[in-house]
Amino acid sequence: QVQLVESGGGLVQAGGSLRVSCVASGRTFSLSVMAWFRQGPGEERSFVAQISRTGGSTYYAESVRGRFTISRDNAKNTVYLQMNSLKPANTAVYYCAADRLLTAGVGGNKADEYGYWGQGTQVTVDS
């Protein structure tokens, strides 16, 4: 079993930056495609970013491309989401997700494709 724990959320002013982190338990982190999703109030959980097993390929929702960067450190069992130029519309709970069966870039833009989830971390962007 895989346990994912997010951290780093908080309150930030519009235009500011924040980095959220996700630490995975176990010894199979490098076998998993990792992703970040978001869920705002009254919204469906939606795709933000995905990273391949080695970190060599990344994929982004169009709304965050150029502002957000996903990365991973397999030695630390950690995936990161660097969020720059934040907007109030980015306010949401951000969730880390993992799956061992997906091929990055082929699948994984739907929440129900991931087998493991963290508890989420709240990101709030002030106007």
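Quick note: structure is the one above.
Residues numbered from 1 in each chain as written. Predicted model: local features only at pLDDT ≥ 70, side-chain atom pairs only at ≥ 80, totals over all residues. Heavy atoms only, no water.

Undergrad: Quick question: what am I supposed to make of the overall build of the protein here?
TA: The helix and strand inventory of the protein stands at 0 helices and 11 strands. Of the regular secondary structure in the protein, the N- to C-terminal order runs β-β-β-β-β-β-β-β-β-β-β. Overall, the protein is about 40 × 25 × 25 Å in size when its C-alpha atoms are taken along their principal axes. For the protein, the proportion of contacts with a sequence separation of at least 24, taken over those separated by at least 6, is 60%. Here the protein carries 12 positive and 9 negative side-chain charges, and the mean point of each set is 7 Å from the other. (Helix = DSSP H or I, 4+ residues; strand = E, 2+ residues; numbered from the N terminus. Contact = heavy atoms within 4.5 Å. Lys, Arg positive; Asp, Glu negative; His and termini not counted. Charge placed at Lys NZ, Arg CZ, Asp CG, Glu CD.)

Undergrad: Whenever I open this one, unusual backbone geometry confuses me. Can you help?
TA: It is generally the case that most residues other than glycine have a negative phi and that most peptide bonds are trans. Its identity as a non-glycine residue notwithstanding, Asn77 has a phi of 55°, on the positive side. As for its placement among the helices and strands, Asn77 is situated in the loop between strand S7 (68-73) and strand S8 (78-83). Of note, Ser85 is a non-glycine position whose phi angle comes to about 50°, a positive value. Relative to the elements of secondary structure, Ser85 occurs in the loop between S8 and strand S9 (92-99).

Undergrad: I tried to follow the pattern of salt bridges on my own but got confused; where do I start?
TA: Opposite charge on two side chains permits pairing when their charged atoms draw close. Counted by the stated rule, this structure contains 2 salt bridges. Between Arg38 and Glu43 there is a salt bridge, with the nearest N and O atoms lying 2.6 Å from each other. On the basis of relative accessibility, which here comes to 38%, the residue Glu43 falls in the partly exposed class. With its nearest N and O atoms 3.3 Å apart, the salt bridge here joins Glu62 to Arg65. What makes Glu62 exposed here is its relative accessible area of 62%. On the accessibility criterion, Arg65 (46% relative accessible area) is partly exposed. (Salt bridge = Lys/Arg side-chain N within 4 Å of Asp/Glu carboxyl O. Buried < 20%, exposed > 50% of the residue type's maximum accessible area, 1.4 Å probe, protein only.)

Undergrad: Please explain the packing of aromatic side chains as it appears in this structure.
TA: Following the criterion strictly, the structure yields 5 aromatic pairs and no others. Grouping aromatic residues by their ring pairs yields a cluster made of Phe37, Phe47, Tyr95, Tyr114 and Trp117. It is Arg45 that lies over the ring of Trp117; its NZ or CZ is 4.9 Å from the centre. For the cation-ring pair, Arg72 lies above Phe29, with the distance from its terminal atom to the ring centre recorded as 4.4 Å. (Phe/Tyr/Trp six-rings, centres within 6.5 Å; stacked < 30°, edge-to-face > 60°. Lys NZ or Arg CZ within 6 Å of the ring centre and 35° of its normal.)

Undergrad: What is the right way to read empty space enclosed by the protein from this model?
TA: The gaps left among the atoms become clear once a water-sized probe is rolled over them. Scanning all chains against the criterion turns up 1 cavity of 30 Å³ or more. Lining of the largest cavity is provided by Val2, Leu4, Ala24, Ser25, Thr28, Phe29, Ser32, Met34 and Ala98. (1 Å grid on protein atoms, 1.4 Å probe; cavity = no way out; pocket = protein on both sides within 12 Å on 5 of 7 lines; lining within 4 Å. Points joined across faces, edges and corners; volume = space filled by probe spheres on them.)

From the geometry alone we can't say anything about function, so treat these as descriptive.
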